[in-house]
There are 4 protein chains.
Amino acid sequence: MAIILGDNQYGKAESRVVRIVRDTARHEIHDLNVTTALRGPFAPAYLVGDQSNVLPTDTQKNTAFAYAKSAGIRSIEEYGLALARHFVNDVEPAEGARIEIEEFAWTRAVIDGVEHDHTWTRTGAETRTAAITVDATGEYVIGGFKDLVILKSTGSEFAGFLKDEYTTLPETHDRVMATSLVAKWRFDSASFDGTDVDWNAVYPKVKSIMVREFATLQSLALQQTLWQMGRAVIEEIPSIVEVRLTAPNKHHFVVDLSPFGLDNPGEVFIAADRPYGLIEAQVLRDDAPPAHDAWRFSAGLA
Amino acid sequence: MAIILGDNQYGKAESRVVRIVRDTARHEIHDLNVTTALRGPFAPAYLVGDQSNVLPTDTQKNTAFAYAKSAGIRSIEEYGLALARHFVNDVEPAEGARIEIEEFAWTRAVIDGVEHDHTWTRTGAETRTAAITVDATGEYVIGGFKDLVILKSTGSEFAGFLKDEYTTLPETHDRVMATSLVAKWRFDSASFDGTDVDWNAVYPKVKSIMVREFATLQSLALQQTLWQMGRAVIEEIPSIVEVRLTAPNKHHFVVDLSPFGLDNPGEVFIAADRPYGLIEAQVLRDDAPPAHDAWRFSAGLA
Amino acid sequence: MAIILGDNQYGKAESRVVRIVRDTARHEIHDLNVTTALRGPFAPAYLVGDQSNVLPTDTQKNTAFAYAKSAGIRSIEEYGLALARHFVNDVEPAEGARIEIEEFAWTRAVIDGVEHDHTWTRTGAETRTAAITVDATGEYVIGGFKDLVILKSTGSEFAGFLKDEYTTLPETHDRVMATSLVAKWRFDSASFDGTDVDWNAVYPKVKSIMVREFATLQSLALQQTLWQMGRAVIEEIPSIVEVRLTAPNKHHFVVDLSPFGLDNPGEVFIAADRPYGLIEAQVLRDDAPPAHDAWRFSAGLA
Amino acid sequence: MAIILGDNQYGKAESRVVRIVRDTARHEIHDLNVTTALRGPFAPAYLVGDQSNVLPTDTQKNTAFAYAKSAGIRSIEEYGLALARHFVNDVEPAEGARIEIEEFAWTRAVIDGVEHDHTWTRTGAETRTAAITVDATGEYVIGGFKDLVILKSTGSEFAGFLKDEYTTLPETHDRVMATSLVAKWRFDSASFDGTDVDWNAVYPKVKSIMVREFATLQSLALQQTLWQMGRAVIEEIPSIVEVRLTAPNKHHFVVDLSPFGLDNPGEVFIAADRPYGLIEAQVLRDDAPPAHDAWRFSAGLA
C-alpha cells in the first residue's frame, strides 16, 4: 500500500476589495470579497515542503488588488476572468485557476430627491456571486446570488405526501412559503468566447425571472417551485445552460391562539430557526456542454 | 455585611412574531423580533425560589403572539405600547415593563411592473427598532434603527489631531468614511399622550435627515458627523428630544500599489474588519424631560 | 431651546493582540481582544470638528500593542490597568479611560503524554473578560466571563408561578436547565490599591464557585440559581463587592414521542434557539463602595 | 433542446437532538445537530408537484428524535448508520440516504474534586462530525471534526517560494502558524461491515495524531503539515483509507514596534481576520475502495 496526494488547491480567501471610480464627480463603487485558488503541480509543497512552484497566497491577494486598478471592475464575471486568465497564462506552474467573488450592493443616497454623487447605503438584500474557472479544458463562468430571502403568504400547498409511522404533519392547502435562496447559473462558454457579454444585464434578468416564478406559481412543493425557477431561466436566457439551487424551507408555523379565545386563520406565525427543510437541485439543458471542473470545490451539489 | 439583590428584570427574548394581514387579496406583512421584560417585586423568586409573583416568560411570549392578532401591528411603537401597558395594568405584581422590538423590512415583489399581492423579498438594509418602557413614572418610547451601513467616497478629512509618541497615523484631507450606524431617538412622552402619533411617518423622516447630514457635511471627524445628524433630527422633528448614536468607523485603507507600478489616488481600498474606531454620543435638548428608566438595561450609553 | 452634547466616549474597538513569551524554549501565549476608549473634553471635535484634543483611535491601538511588549500581559486586569493609567496620566486631555478586554484560552498540546513547548489548541469554553475604568474618582476593575454554557439534566423545577389568561405552560418538578452565562464581578478598589493582586488566581475560583452552585442547588427557578451564584462569590471572595449576571434560559423541550409508541421520561429533548428566557440580576454587598462610572457604556444592566 | 432535472436531494437540516441517558444517577449527555437527506425517484415532485413518493422533511425530523430513544446514541457514526439504513430499507421510494451529524462536546463539572452526576459545561473546542451514506452501492462512513483551532509559536517557515511582479512577501524561517482545521476521514467500508467498530475510540486517536504532527514537524509550508497529518492518520489507523483537510491559514502578523523604540522579535502579533490563506487537500491510500457518492453534496473537495 502507498499513500498518495489526491485532489488539492490553495489560494487566498476573502480579500475585501473596494474600488471607487472617481473619474468624474459622480463616483461609482464596487465592493467585493475575492477568493482566488490555483491548481497544478504543487505536490512537492505537500510531500517535501518545496515551495519553488508555489506563488504565495499573499501574492495572489496583491494581484487581486492590482487588477482592481489596472483591469478595473466592470462586472465581477469580467474581473474574475481577467484574474483567472492571468494566473493560468502568466504564472508558469499554474495549470488552473478558480476565482470566487461576492459583490455587496450599494444604493446611491437620495438627498432632496436627487441622487448623491459620492454617498451610498448598503443594500442588504441578496449578494451577487461569481465563480470563474480557467484551465486547459477551457473557461467557465458561473453567475449567482446567495441569501435572496423571499416569502409568499399564500399560494403554497403541501399535501398528498408519503406517510409512514413517523409522520405527524397535517396536510395543508394554504401556507406561508419562505426561503433564503442560493442560486448559481452556468453560462455556455461559447456565449462569451471572444465577445463582450453584458454580464450586468443578465443578473437582474435572472433574478426577476426567479422572483416571478416564485410569486406566480401555485406551489405544490418547494421542489416544484425550484424546478420552475430553473426551467424558466434556461428557457428565457439562451446563454445559460445549467442552474443549481439550494433552498432552505424557512418554516413559519401557525400559532395556536385558541387557548386565548382567538381565531388564527393564517395570520399569526412563529418564524422558526432550526430545523429547516433543505432542498437542493440541478436543472440543465440536455445538450449542455460538459462542466469539467467548473463546480469543483464548491459547496453543496458536487 | 449583608448581601442584597440589586437591579433586576426578567422576560422572554426574541420571539419571532410574523403577522400577515389578509383582509383583502393584497396582503401585508409585519416581521418582528420581540423581547419583553418585567420589573417589580420579584425578589422572592431569587432569594427563596418563590414564583408566586412570577408571570412565566412563556406566558409573556404567548401574550406577544396573541396581541399580534388582537391589537394588531400598525407600528412597532404602538404594538409595544399596547404590550407594555397590558403587563403593567393587567398583571398585578408587574410595576414596570420593557418591550424591545426589531422589525425586518420586506419589499413587495414586482412582476412585469406590477406589485405582487402576496410575495415579498427581504430588504436587508437597516433594521428598525423600538424600545418601550411603561412604569409608575410614565410611558417612554424610543425609536431607532441598527446596522444602517453608509459610506462616502470623499468629503471626509482627519487632521489636526493630538499626537504623542505612539502616533503614526498620517493626516488626510480626503478619505473614505463608512459606518454601520446604530441610532436611537427618544420621543417627548407628551407628544404621544392620548393622541395618535404617526410613528411610521416619523421613521423615514429621521433616516433621511441622518443620511442627508452624513452625505452633505464636509466632515472633519466622524464625531462631527454624528453631532450634525443628531442635532438636525432634534431641530427638525419637535417630538424627538434626544438622540443616541453608536458608530463604528469602518476603516477603508488605501492599498499601496506602487510596488506594482500603479498609482492609487483613492481608488483601491481594503475594507478592514478589526480593529475599528468606535464613537458613541448622546445629543439632546437641554430642556428634555427626564428619561427615568427609559434606557435602563440597554446596551451602550447607560 | 438649545441642543447640547451629552454623554460620549470614543476609542478603538477589538484590537486582536497576541503576545508570545519566548524567553525560554517553553513559550507562553496570551490571546486578547482589546477595546480602549477615552472620556474628557472632546466636545469641540463634535461641535466644530476641532481634533486638537483627540488622540486618534489608531494611536490607541498602537499603544495597546506597544504595552503588550513593554508592560507585558501577566493578567488582563493588570495589563488593562496599565493602559488605562497611561491614557489618564500621560495623555493630557484625557480625563477618563475605559479598557475592555476579552481573553481567549488556549490549552497546551499534549504529545505522547508530555506538554508541548510551543503548540496549543484553542479552548472554546467561556471567554474571560475584564473592564477597567480609571478616572478622577479612582480605579475600578471588573472581572468576568461570557458564554459559559452549562447544563444540568435534573435538579431543576418550575412551579407555583403566577397564571393569567395567556398562561399555557405546565408546571414541572424535573427539567433540564441550561444557560450561556455572562458574569461580571466588581472588585473593591481598596483591594488592589498599591498591592499585588493575584488576578489569575481569582478567576478560576469565581468560576468554580458558580459552577458548584449551579450544580448542587435544587433549583426552583433560574432566578434562584443566579442569586446563589452571586451570593456565594461575594461571601467567599472578600475582594469582590458586586456580581452582575445575565442568563438566557436555553430551553430544552421534551419531545413527544408517544405518536411513535415510545415513552420519553426526560430522555430526548429538542434544544430551541429562539425565543429564550432572559434573566438579569445584580447581587452586591450592602456596603459596597460606589461604582461611579465603572459600568458606564456597558451592555445590559446600567 | 430539452430541459431536465439533474442531481438532487432533499431533507431536514439541523435538528437539535439532545439525548440524556438517565438509567442511573450518573447521567450521560449526547448533544447533536442532525441533518438527513433522501435521494431517489423524486422527479415528479419537481416536475408536476406530485408528492406521493416524498416522505416529508418533518417526518425525517421525527425519525431522528425517535431513533435517539429507540436506537440510542452510542456514537454518532452508529446512530447515523441506523438512521440511514432505516430510510433506505423501510421507506420504499428512498434509494439513498445521507446523514450529517455534528456533536457538541460537554465536560462533566467537577465539584470539590468530584465529577458531578448531572451537570456539564460545554467544551467549546472542535466539533466532532460524521457523514453517513447508504445506497445501492454500499455503506460509507466519514468521521471528522471542524474548527480545531491550533497554533504553534515557532517551528514554521515559509521561504523559497515562486516570485513574480506582484510578490512583496518577505521570506521567513520563524513564524506563527495557526489554523482552524476541518478534517474528514473515510473508513474502509469493509472495516465496519457486520462487526462492531469502536467509533468513539478512533476519534481521539485521529485527533491526537493530527495534533502531534502539527506540533512536531518543522514546517516548511502549511501544505506540508497537512500532508503529514493525513499521511500519519492513514498509516497508523488501518481502517481509514482517505483523509480530506481544509485549513485556513490564520495569519498572525508581527507588529512593527520600532516607531516606539521597541524590539519585536516574534513576541507581539496582530491576529488578522481577512483575508486568509486557504489550503485544501485529499490524502488517500492508492488502493482505497471507490467512494461512490460518499462525498456528494459535501462542501469543499468534490
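Residues numbered from 1 in each chain as written. Chains lettered and ligands numbered in written order. Predicted model: local features only at pLDDT ≥ 70, side-chain atom pairs only at ≥ 80, totals over all residues.

**A short note on the overall build of chain A**
Phase 1 of the analysis: Counting its secondary structure elements, chain A contains 5 helices and 12 strands.
Phase 2 of the analysis: By its C-alpha atoms, chain A is 75 × 70 × 35 Å across when sized along the principal axes.
Phase 3 of the analysis: Considering chain A as a whole, with its 302 residues, one finds that 56% of them fall into the buried category.
Phase 4 of the analysis: Of the contacts made within chain A by residues no fewer than 6 positions apart, 64% connect residues no fewer than 24 positions apart. (Helix = DSSP H or I, 4+ residues; strand = E, 2+ residues; numbered from the N terminus. Buried ≥ 20, exposed ≤ 12 C-beta atoms within 10 Å, placed from the backbone. Contact = placed C-beta atoms within 7 Å.)

**Structural notes on the relation of the copies chain A and chain D**
Relating one copy of the chain to the other requires a rotation about an axis plus a shift along that axis.
Phase 1 of the analysis: Superposing chain A onto chain D takes a rotation of 180° plus a shift of 0.0 Å along the axis, which leaves an RMSD of 0.0 Å. In short, the pair behaves as if placed about a two-fold rotation axis.
Phase 2 of the analysis: Interface overlap between copies: 100% of the residues of chain A at the interface are likewise at the interface in chain D, consistent with a symmetric, same-surface contact. (Least-squares fit on C-alpha atoms with pLDDT ≥ 70 in both.)

**Considering the relation of the copies chain C and chain A**
Phase 1 of the analysis: Its rotation angle being 180°, the transformation that places chain C on chain A also includes 0.0 Å of axial translation and leaves an RMSD of 0.0 Å.
Phase 2 of the analysis: Residue by residue, 100% of the interface of chain C is reproduced at the interface of chain A, so both copies engage with the same surface.

**Considerations on the packing of helix H4 (residues 199–216) of chain D against helix H5 (residues 222–236) of chain D**
Residues and elements named next belong to chain D.
Phase 1 of the analysis: Here H4 crosses H5 at 140°, and the two axes come no closer than 9 Å. The orientation of H4 with respect to H5, classified from their angle, is oblique. Handedness of the crossing formed by H4 with H5: right-handed. Note on element contacts: H5 touches H4 through Thr225, Gln228, Met229, Ala232, Val233 and Glu236, opposite Val206, Ile209, Met210, Glu213 and Phe214.
Phase 2 of the analysis: Broken down by class, the residue content of the contact of H4 with H5 amounts to 7 nonpolar, 2 polar and 2 charged. (Axes fitted to C-alpha atoms, helices over the stretch in contact; angles between N-to-C directions. Parallel < 35°, antiparallel > 145°, perpendicular 65-115°, else oblique. Left-handed = near helix turned anticlockwise from the far one by under 90°. Nonpolar A, V, L, I, M, F, W, Y, C, P; charged D, E, K, R; others polar.)

**Thoughts on the packing of helix H2 (residues 57–70) of chain B against helix H3 (residues 76–90) of chain B**
All names here are of chain B.
Phase 1 of the analysis: Across the interface, H2 lies against H3 with an axial gap of 10 Å and an inter-helix angle of 130°. Taken as axis vectors, H2 and H3 run oblique relative to one another. Classified by chirality, the crossing of H3 by H2 is right-handed. Residues Thr63, Ala64 and Tyr67 of H2 pack against Tyr79, Ala82, Leu83 and His86 of H3.

**As for the interface of chain C and chain A**
Phase 1 of the analysis: Listed by partner, the interface residues are 7 residues for chain C and 7 residues for chain A.
Phase 2 of the analysis: Of the residues assigned to the side of chain C that touches chain A, the class counts are 3 nonpolar, 1 polar and 3 charged.

**Brief notes about the environment of Thr133 of chain B**
Residue and element names in this part refer to chain B.
Phase 1 of the analysis: Structurally, Thr133 is set in strand S6 (residues 127–135).
Phase 2 of the analysis: On the basis of neighbour count, Thr133 is assigned to the buried category, with 29 C-beta atoms found within 10 Å.
Phase 3 of the analysis: Sequence-wise, Thr133 and Asp293 are 160 residues apart; in three dimensions their C-alpha atoms are separated by 7.4 Å.
Phase 4 of the analysis: Setting aside residues up to four positions removed in sequence, Thr133 forms contacts with Ala84, Gly96, Arg98, Tyr140, Asp293 and Ala294.

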